[in-house]
Amino acid sequence: MKKFILFSLAFSLLLIITFCNKEKITEIVHQPTPYEIEIPFGFPTVLNIPDDNPMTVEGVELGRFLFYDGRVSGRSHPDSLMSCSTCHKQENSFECGINNPDFPGGFTHGIAGKPTPHVMLPLINLVWNHSGYLWNGFISNENPKEDYRNIEDLVWMGIIAEHEMFSDTVRAKNLIQNTSGYPELFLKAFGSETITVKNISKAIAQFIRTLISANSKFDRYMRGEEQLSPSELNGFVLFTTEEGADCFHCHGGYGNPLFTTNLFYNNGKDSSFTGEYEDFRDRFHISGDPMDYGAYKATTLRNIELTGPYMHDGRFATLDEVIEFYSHHLIWSPYINPLMHHIANNGVQLTPNEKIDLKAFIQTLRDDDFLTNPKFSKPEFFPDGMK
Amino acid sequence: MKKFFIIICLLIFTFIVGCKKNSESDDVEKFSNLTLKFAYYNEGKLLEFDTIIYENEAGNKYLVNEIQYFISDVILHKSNGENILIDEWKDIHYIDTDILSTQTWKIPDKLTPGNYNSISFTFGISEAKNHSLMFLNPPERDMFWPEYLGGGYHYMKLNGKWLSDENTINPFDFHLGIGQIYHSYPDSITGFIQNYFEVNLPSSSFELIENQTKEIEISMNIENWFRNPNIYDHDVYGGDIMQNQEAMNLACENGHNVFTIKIIN
């Protein structure tokens, strides 16, 4: 009996030691390197990073591969590859761009030709967006469904949406699992070689959160490193005054260098929003507030000259058309946002010279470092050596 | 052995008594808590947003869509002349009718129980504290006041619409902040005017009771922005006033009579 008790005790001790060590081993194997986002001068300090997807160097590196790899669509035939980068082009501020030969006029469609419901929004400084993604803010932390809350969710949605990759998540996951090099990268980033769509989404979201633009001519002006031309300076004054072009309430300025509040406004494009004119993807259909009929996200004006066509439906092809609209062609409706107080005169009534100056200022928000940053560009080779 | 037991008992007794004494001395510091709530009225009734049911003293029918504003340097005045600046390290408070959490301010300070004569605060932000890039994150960030117009932050955005004398419903942005002196309007600014002002709340005496939380409502009575002592006419001042010091000055003079308090419990 004594021997049996001793044996049992020894066996239990061995089990405890073994399990404890196993936990230790796992911890040692999966120790990704934290990725620190440097906050540029004047930028917000609160980041939108979900607790279950902290930024890591390994996650960002993996996300960059996946962002550019057409096999994320679950297909390997060269004709049917589609990745995030098929539409989100770095040279166009990770937007499609109006001169894209694959999408004439900047109007995108899915792999099988189905048009996207609204025109694209650029992937830029999204780590500071706390007010919801997409034109109506549908993807937001306020969404009661936990699969529709952040950039991660836009990834899996993009894989299955008919107007995007039009695939299924099992195919996507299996193809990446069977592509050599990827399982090792997933192990480094997430501690497991078993690939899940959740981890594909997490990695791509991490990469997207690194896409930060903070070195335009205007940023350098803010930091005291460069002067604006007289025309640009006059445009800046117009941009930030109510008696000028009055852009700043929605689009920021010195006090908000994101150049968007990320909020939603009816900016006077139309007069009717119900019946045959109803857009089931406007802000009203998210908030339920009638004042949000015809309201959409104020887009960032950073790199705006590259991200046409403009407005949620792409009705304006050029910046000149947009300036002309705000200057002379606003349309009254009961839902127009009160910040559009120039509606009484149909717009801000800029003179031809003022329009030139305003455009010159807006063009100072172009960030060439962002557009050419090699950290954001397509990797030379994918993990399996493919180009 | 018996002696040893007695010594141990004595030691335990001493320890217990000592501890009790400590906790009793903690109790000597008595305090009360204060919570401020923010509400909006028109002619004594809770404000209804987004519906054009109000008429101001100038005869403008109007509605209110949203109100966003700062109060700062909230001071409790005691009968013995002592003035207590509350929440010293977060002394600027933002209130937004669209953000529920901003409408209640639980003051972290432990306040001394007793009678208080009154409350006062700064409407907006004083010149000494109203610096650009002080708030980097929304929602406060989105109150920034452009550098060209004086910098810092809006004191208030009260956005709405009114039925104009041309019978059209036009938006108004009743925005208050730093005013400008122009050499030739709207260019050539030669100076700035600080429009923030101190609000001394009338009939604002209250008592803080030990270990209890006092809830006080700070009420904004919207109609007074437009009538007392100056009649403010939207048809005269139009949709925007950030570059109209005359209009902002009238509004700020009226602002002294806009706020009242209500003791909730």
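Higher on the page you've got the structure.
Along each chain, residues carry numbers from 1 onward, in the same order as the chain's sequence is written. A letter from A marks each chain and a number from 1 marks each ligand, given out in the order of writing. Note on the predicted model: pLDDT of at least 70 is required for a residue's local features to be given, and 80 or more for side-chain atom pairs to be given and counted; whole-chain, interface and lining totals, by contrast, use all residues. Side-chain metrics rest on all non-hydrogen atoms present in the structure, leaving aside hydrogens and water.

Caption draft 1: Geometry of the interface of chain A and chain B. Each partner contributes residues to the interface: chain A has 35 residues there, and chain B has 32 residues. Summing both sides of the interface, chain A and chain B together bury roughly 2,700 Å²; the carbon and sulfur share of this comes to 61%. The three residues of chain A that bury the most area against chain B are E242(A), E243(A) and P338(A), which together make up 22% of that side's buried surface. Take a side-chain nitrogen of Lys or Arg and a carboxyl oxygen of Asp or Glu: if they are within 4 Å of each other, that pair is a salt bridge. Our count for the contact surface shared by chain A and chain B stands at zero salt bridges. Just so you know the grouping, Ala, Val, Leu, Ile, Met, Phe, Trp, Tyr, Cys and Pro go in nonpolar, Asp, Glu, Lys and Arg go in charged, and all remaining residues, Gly too, go in polar. Partitioning the side of chain A that touches chain B into residue classes produces 19 nonpolar, 13 polar and three charged. Contact criterion: two residues are considered in contact whenever any of their non-hydrogen atoms come within 4.5 Å of each other. Note: buried area is the sum, over both parts, of the accessible area (probe 1.4 Å) each one loses when the two are combined.

Caption draft 2: Seen up close, the side chain of D240(B). Each helix is a run of DSSP H or I of at least 4 residues and each strand a run of E of at least 2, with the numbering of both proceeding from the N terminus. Along the chain, D240(B) falls in the loop between α2 (234-237) and α3 (245-255). Within the buried core, D240(B) has no salt-bridge partner, and the shortest N-O distance to an opposite charge, that of K157(B), equals 14 Å. The definition of a polar contact used here is a pair of N or O atoms within 3.5 Å, where within protein one atom must be able to donate a hydrogen and the other to accept one, and adjacent residues in sequence count solely through side-chain atom pairs. A polar contact is formed between the side chain of D240(B) and the side chain of H341(A), at a distance of 3.3 Å. Those residues in contact with D240(B) that sit more than four places away from it in its chain are E242(A), E243(A), H341(A) and D173(B). Think of it in three bands: with a 1.4 Å probe and only protein chains considered, a residue is buried below 20% of the maximum accessible area for its type, exposed above 50%, and partly exposed in between. Think of it this way: Lys and Arg go in the positive column, Asp and Glu in the negative one, and His and the chain ends go nowhere.

Caption draft 3: Inspection of the pattern of salt bridges at higher detail. This model, assessed by the stated rule, comprises 23 salt bridges over all chains. A salt bridge links R315(A) to D270(A), with the nearest nitrogen and oxygen atoms 2.7 Å apart. In this pair, R315(A) sits in the loop between β2 (296-297) and α12 (319-328) while D270(A) sits in the loop between β1 (264-265) and α11 (284-287), placing the two residues 45 residues apart along the sequence. For R315(A), a relative accessible area of 31% gives the class partly exposed. For K61(B), the salt bridge identified is with E55(B), shortest N-O distance 3.5 Å. Residue class for K61(B) comes out partly exposed when judged on its relative accessible area of 40%. Judged by its relative accessible area of 46%, E55(B) is partly exposed. Through salt bridges with shared partners, a single ionic network connects E43(B), E57(B), E223(B) and R227(B).

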